[in-house]
Amino acid sequence: MTISQPDLAHAGVPVADRLRVHPFDHPVVDAMNLGITRGDGIFETVGIHRGRVQGVEEHLARFARSAAMLELPEPDLEAFRAAVDLGVSHLGDVEDAYCKYVYTRGIESRSFEPTGYAFIDVNPDWTRERTEGIAAVTLTRGYPLDIAQRAPWLLQGAKTLSYAVNRAVLREAARRDAEDVIFTTTDGYVLEGPTSTLLLRFGDEFVTPTPEHGVLVGTAQLGAFEYLASHGHRTTYRDVRVEELAEADQLWLTNSQRLAAPLRRLDGREFPVDRTFTAGLNTFLRVRS
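Here is what the cut-offs are and how they apply
Residues numbered from 1 in each chain as written. Predicted model: local features only at pLDDT ≥ 70, side-chain atom pairs only at ≥ 80, totals over all residues. Heavy atoms only, no water. Helix = DSSP H or I, 4+ residues; strand = E, 2+ residues; numbered from the N terminus. Rg over C-alpha atoms; globule rule 2.2 N^0.38 Å. Buried < 20%, exposed > 50% of the residue type's maximum accessible area, 1.4 Å probe, protein only. Contact = heavy atoms within 4.5 Å. Areas by Shrake-Rupley, 256 points an atom, 1.4 Å probe, with all protein chains shown as cover. Lys, Arg positive; Asp, Glu negative; His and termini not counted. Charge placed at Lys NZ, Arg CZ, Asp CG, Glu CD. Core = buried A, V, L, I, M, F, W, Y, C linked by side-chain atoms within 4.5 Å. Salt bridge = Lys/Arg side-chain N within 4 Å of Asp/Glu carboxyl O. Phe/Tyr/Trp six-rings, centres within 6.5 Å; stacked < 30°, edge-to-face > 60°. Lys NZ or Arg CZ within 6 Å of the ring centre and 35° of its normal. Pairing = 2+ DSSP bridges.

Side note on the overall build of the protein
Okay, step 1: What the protein contains, in helices and strands, is 10 helices and 14 strands.
Okay, step 2: At 19 Å, the protein has a C-alpha radius of gyration in line with the 19 Å of a compact globule built from 289 residues.
Okay, step 3: Residues classed as buried in the protein amount to 52% of the 289 residues present.
Okay, step 4: For the protein, the share of sequence-separated contacts (at least 6 apart) that also reach a separation of at least 24 residues comes to 70%.
Okay, step 5: If you sum the accessible surface of the protein, you get close to 13,100 Å²; carbon and sulfur atoms cover 52% of it.
Okay, step 6: Charge separation in the protein, taken as the distance between the mean sites of 31 positive and 41 negative side-chain charges, equals 3 Å.

Topic: the nonpolar core
Considering soluble globular proteins, one finds that nonpolar side chains tend to be buried as a cluster.
Okay, step 1: Among the nonpolar cores identified, the biggest contains 23 residues, and Ile-42, Ile-48, Val-84, Cys-99 and Tyr-101 are the most heavily contacted of them.
Okay, step 2: Elements with a contribution of two residues or more to this core: β3 (41-49), α3 (56-69), α4 (77-89), β5 (96-104) and β6 (115-122).
Okay, step 3: In this view, Ile-42 contacts Phe-63, Ser-66, Ala-67, Leu-70, Leu-72, Tyr-101, Val-102, Tyr-103, Lys-159, Thr-160 and Leu-161; residues no more than four positions away in its chain are not counted.
Okay, step 4: If you look at the next biggest cluster of nonpolar residues, it comprises 17 residues, including Val-190, Leu-245, Ala-248 and Leu-251.

Let's talk about the pattern of salt bridges
Okay, step 1: Across all of its chains, the model carries 18 salt bridges by this definition.
Okay, step 2: Here Asp-40 ties to Arg-105 by a salt bridge, and the two come within 2.6 Å at their closest N and O atoms. You can see Asp-40 sitting in the loop between α2 (34-37) and β3 and its partner Arg-105 sitting in the loop between β5 and β6, a full 65 residues away along the chain. Here the two residues Asp-40 and Arg-105 agree in accessibility, since each one is buried.
Okay, step 3: In this structure, Arg-288 and Glu-58 form a salt bridge, with 3.4 Å as the shortest nitrogen-oxygen distance. On the criterion of sequence distance, the pair formed by Arg-288 in the segment after α10 (275-287) and Glu-58 in helix α3 is long-range, its members being 230 residues apart.
Okay, step 4: Given a relative accessible area of 9%, Arg-288 falls into the buried group.
Okay, step 5: The network of salt bridges with common partners includes Arg-128, Glu-129, Glu-179 and Arg-264.

Some remarks on the packing of aromatic side chains
Okay, step 1: In total, this model carries 11 aromatic pairs according to the counting rule given.
Okay, step 2: When the ring of Phe-206 is compared with that of Trp-252, the centres are 6.1 Å apart and the planes differ by 35°; the resulting orientation is tilted. Of this pair, Phe-206 sits in strand β10 (residues 205-209) while Trp-252 sits in strand β12 (residues 250-255), and the two are 46 residues apart along the sequence. Trp-252 matches Phe-206 in its accessibility class, with the two residues each being buried.
Okay, step 3: Here the aromatic cluster, defined as three or more aromatic residues joined through ring pairs, consists of Phe-63, Phe-80, Tyr-101 and Tyr-103.
Okay, step 4: The residue whose ring lies beneath Arg-141 is Phe-183, and the NZ or CZ to ring-centre distance is 4.9 Å.
Okay, step 5: Just above the ring of Phe-277 sits the side chain of Arg-201; from NZ or CZ to the centre is 5.0 Å.

As for the pairing of strand β9 (residues 197-202)
Okay, step 1: Within β9, 6 of the 6 residues are buried, which leaves the element mostly enclosed by the surrounding structure.
Okay, step 2: Here β9 shows a buried face lined by Thr-197, Leu-199 and Arg-201 and a second buried face lined by Leu-198, Leu-200 and Phe-202.
Okay, step 3: Pairing of β9 with β12 involves 5 bridges; the strand directions are antiparallel. Its bridge partner lying in β12, Thr-197 is registered against Thr-254.
Okay, step 4: Here 3 bridges tie β9 to β10, and the two strands are oriented antiparallel to one another. Counted as the bridge partner of Arg-201 is Phe-206 from β10.
Okay, step 5: From the end of β9 to the start of β10, which pair antiparallel, there are 2 residues, and Gly-203 there has a positive phi angle of about 65°.

Here it is as structure tokens:
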């Protein structure tokens, strides 16, 4: 199901009057929309568990940050929140779902009036990935760690629609008998996955690469840190060297749909999977709001 909002610029119109509900196969975007022709737009994907939308405020805050980085008109966050809520009301009795909301610069060669919509559907079954774990490989992102400071126009840290590279690396991972990727820098640091945030465990300390260098702030990772801190564990943001991956006790890749997926193998090296610990973490991520 798709919820479109063709009148995003008309701030004086009540939100409820600007939302339109369409079947999932109903076209809502013009063929010349810059989100399609140029990847000029942003998106967020929120997980939904039994009608509860997870990490609402974190997603909306990141959405606004991404829009500012692309110099898009400020998105109407209340309208996108209402669109997600409207979608949830149409879901029915569904255990696990997701909603992707999108905001683009509009139609090419016109007035650049922004376009916004939300798409809601049932989640795939991630049971195997959450319990048995996944295999991943490291692949270079092709730039040094400080690229966000040296070249801010590359939009590191913004969640944009330009995902061609992120899709290409997953195809490369499949060729290497793996399911996911951890990006690395040319000067030997770890970044993130194409659709996920890295979480490492060293004893009682849990580490995520710092967002300071353009790593996207992960909403599921924020929830994981909240859970870990509440259980007395230390949580740290810092730069992580590639060689530290092999030294970690455990690794996870986190995102809003798959939640916390433990890594059972990285670059051919086997890692232990703590099913009980991961199950507790994912239970928390499902029910948080």
